[in-house]
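Structure assessment
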Amino acid sequence: MNAAAGASLLLPLLVSVPLLGGLASFVLGGRGRWVAVGALALNAILAALLLAATRAGPLGYALGDWPAPLGITLGADGMAALFVAVSALVTLVAGTYSLAYFAGGSATDRVFWPLWCLLLAALNTLFITRDLFNAYVGIEVLGLSAIALVTLAGDAGAVRAALRYLLVSLVGSLCYLMGVALIYRAHGVLDVGALAGISGATPPEQVALALMSAGLLLKTALFPLHFWLPEAHASAPAPVSAALSALVLKGTFFVLLRLWFEVLPATAGPAAATTEAVLGAAAIAWGSFMAARAPRLKRLVAYSTVAQIGYLFLLFPLLEAGPAQAAALDAVVYFVLAHACAKAAMFLAAGNVQSAAGHDRIDDLRGDALPGAGTQFALAFAGISLIGLPPTGGFAAKWMLLQGAAEAGAWWLFAVALGGALLAAVYVFRVLARSFDLTSMLAGRAAPRLARVSACREWSALVLALASLALGLVAGPLLSGIHGAGFALIR
Amino acid sequence: MNGTTIFTVCGILLFAIGLYGALAARPLLRRILAANIMGNGVFMVLVAGAYLPADGGAATGDPVAHALVLTGIVVAVSATALGLQLVCRLHELASGDREPDP
Amino acid sequence: MDLADGNDERAARAVRVVLALGCGVVAAVLGWALAADGSSAAGLATEVRAALPRSGVEHPVTAVLLNFRAFDTMLELAVLLVVAIATGATAAVGQIETRPDEMPAAPSSPLLESLVHDLVPFAILVGAYLLWVGAYAPGGAFQAGAMIAAAGVLAHFSPRFRPQVPDRWPTRGILVLGTAAFAFAALAALALTGVYFAYPVARAGAWILAIESAATASVAAALYVTFRAIMPADRLPDAQR
């Protein structure tokens, strides 16, 4: 009992530590970056402890000792713990990358670190909150800090992309809030656990689900509501793009999952789930097509995100009660983990390429124009994970998806997943072929003059790419502990 | 047609009008203001539902709904402020001069 | 050329009509949903009233904001802080030429000067009252902060009384004070009562007042800094124009 009480203390600490780190780094100004990195490291330790603690069962914490529904409760099951862990990993490694990316003490640097820490605090809040309105405030902190981080690139294109992102974010949040208003007026409680017991399929709930889903899908960039993403993710500084694609989208996705399968399961029927899957398939097709045509590397990676988000929604019909529910849940979790590591690695590597060559036009990319072997291998491993080749995490996720689709007899999902892998291969190999192309060097042509990219940046990209590789090897042990502990989604 | 219904209907109308403005208007400033109006609509719907006619004699409102709206107002103001600042910055970067939106 | 423009215009208008119809459908659907909840639940009013004596204040909304759902309020202050960080500093980040602390030697109206001289202290006093009365009646940190920020905005227009906002750690400290007060109070409560954010019941009122004071300063500072970032310093009301 004491151990469990101690472990559940991790939940409020997971929000306090990044929050206080952000506050301290803002006040300290020039030296704030070290406090921020310290907070990121401490957060990673807390996340690892949470992962270990949730193996025994879900954790809960009533803030202020006020019982729900009066107060706000925090809670984490195995799935939430994994999401918290991957956020901790990506923000820490991309944070290390940022130490070398931004000049220490510059105005950009002094704004970056507090926003980065507050972004992490918001992510952790979204993963562990059990209150619908608290999720709204978390979504706002997440969105506004992400938008502010996008503008750090400084040019007009970034500001324009950030403005579009802001408008989209505002409209989405307000649709979500209207849904919360409907639910509160219908049931009088905001707590996820309390609502799970009393929700049905009445008109207010149906409209609330539709509105909240519309808002959250807008923020998670599912086709056709993805239009704001490519500009925003491509114009942002490299570590910010990594966090945006890898983590920010998954925060709102997690809220959507809880909403569909825990808060309003009766309302979210098979028809709605199939609609999501169809949109997911369209996202995979469209995103891959645009990625194959993209002239610049960061734009290609951004469109790849549009495609990969589609896989998450492809799994929705399988998550409805049925024989494949457990496998589908595993697949969702693993897609998120693998995509986070691989996409972040790709964006960091793309940032290295852009800094070294001064541009990121794919057609002008050559084997000897890469800053180093670290970047090259990061691109390669991350790309392989995105396609879904063994032994990467992406392969494990796709394997579980295919297994689930076969179990449930949803052969069209099976076909879409395989087709998606082929399409991903098209755009990934487009980049890899260029990056491994040494013909001009062999022909004796002079190497282009490259700016120096620090080893820290190369290593950061490589570490995340290796993580996506390692995820494929530890899939069994990582997921087995979750099912024994009781996923809250499976009723 | 009591007070709750009137305010609820007004809130819904504001939400719809704001949504249209945020999606369809072209000047950026107008879209930001439309999003504000959308927000006001949501708050009105929340507060309209907070009125409790007779609960032990005194007519009090549901305090949690009021607190939610207060929080929402601060969040909306913050988002609007960021939007306005970005519009100013865009104009400065694009034309080298701070001009308000027409 | 004209034909192409005409077609574009027609296409744009068609899109707008479709959007307008869509929003009309949204309104109708919302109306249907809200009309259907005949027996709406009473909300959490009874729970709040039951727990009010233990919260440390007498006004239920303040109790909800500062005690029962303090976590929400802390994050809400974080939202304001994010925007203050992003806007207050971005002038330097984008390398846009601004002169925030330079006071132009523009003449200003004596009427404005005397108005500022008389109104601003009064506004600050009203703000302080709003902060204190929040425990018993509608009021509290946000209302007080907004009032004081309004005083700051008023003072901004008079070159003699314009607040100085140097980019040094005291200024940044005030911006951070509200969120930090919540975070530290939560941790102090953890140390004293064993539960995060559970203020000691006997002194809860004092704790809440302290947190609210810090929050007032933060809200006022954040709103003013954000206003200042949008307001160019060289464009002032010029009485001679």
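Attention here is on the structure that accompanies the text.

Calculation criteria
- Residues numbered from 1 in each chain as written.
- Chains lettered and ligands numbered in written order.
- Predicted model: local features only at pLDDT ≥ 70, side-chain atom pairs only at ≥ 80, totals over all residues.
- Heavy atoms only, no water.
- 1 Å grid on protein atoms, 1.4 Å probe; cavity = no way out; pocket = protein on both sides within 12 Å on 5 of 7 lines; lining within 4 Å.
- Points joined across faces, edges and corners; volume = space filled by probe spheres on them.
- Helix = DSSP H or I, 4+ residues; strand = E, 2+ residues; numbered from the N terminus.
- Nonpolar A, V, L, I, M, F, W, Y, C, P; charged D, E, K, R; others polar.
- Salt bridge = Lys/Arg side-chain N within 4 Å of Asp/Glu carboxyl O.
- Buried < 20%, exposed > 50% of the residue type's maximum accessible area, 1.4 Å probe, protein only.
- Contact = heavy atoms within 4.5 Å.
- Buried area = accessible area lost by both parts, 1.4 Å probe.
- Polar contact = N/O pair within 3.5 Å; in protein donor to acceptor, adjacent residues only side chain to side chain.

1. Notes on empty space enclosed by the protein
Residues and elements named next belong to chain A. What the rule picks out here adds up to 11 cavities of 30 Å³ or more. Reported here for the largest cavity is a volume of approximately 100 Å³. Lining the largest cavity we find Leu126, Thr129, Asp131, Leu132, Ala135, Tyr176, Val192, Phe254, Val255, Arg258, Leu259 and Val263. Of all the elements in the fold, those that place two or more residues in the lining of the largest cavity are helix 6 (132-150) and helix 11 (238-263). Looking at the lining of the largest cavity, its residues break down into nine nonpolar, one polar and two charged.

2. A short note on the pattern of salt bridges
All names here are of chain A. Using the criterion set out here, one finds eight salt bridges over all chains in the structure. Linking Arg258 and Asp77 is a salt bridge whose minimum nitrogen-to-oxygen distance equals 3.1 Å. Here Arg258, found in helix 11, pairs with Asp77, found in the loop between strand 2 (73-76) and helix 4 (78-101); they are 181 residues apart in sequence, far enough to count as distant. Here Arg258 and Asp77 have matching classes, each one buried. For Arg258, the salt bridge goes to Glu262, with nearest N and O atoms at 3.1 Å. Highlighted residues: Arg258 and Glu262, both in helix 11, separated by four residues, approximately one helical turn. Each member of the pair, Arg258 as well as Glu262, is classed as buried. Through salt bridges with shared partners, a single network forms among Asp77, Arg130, Arg258 and Glu262.

3. Remarks on the interface of chain A and chain B
On the side of chain B, 33 residues touch chain A, which itself brings 27 residues to the contact. Each partner contributes to the roughly 2700 Å² buried at the junction of chain A and chain B, and carbon and sulfur atoms together form 85% of this total. Our count for the contact surface shared by chain A and chain B stands at four residue pairs in polar contact (both at pLDDT 80 or more). For the side of chain A that touches chain B, the secondary-structure elements that each account for two or more residues are helix 6 and helix 7 (156-187) of chain A. Looking at the side of chain A that touches chain B, its residues break down into 21 nonpolar, two polar and four charged.

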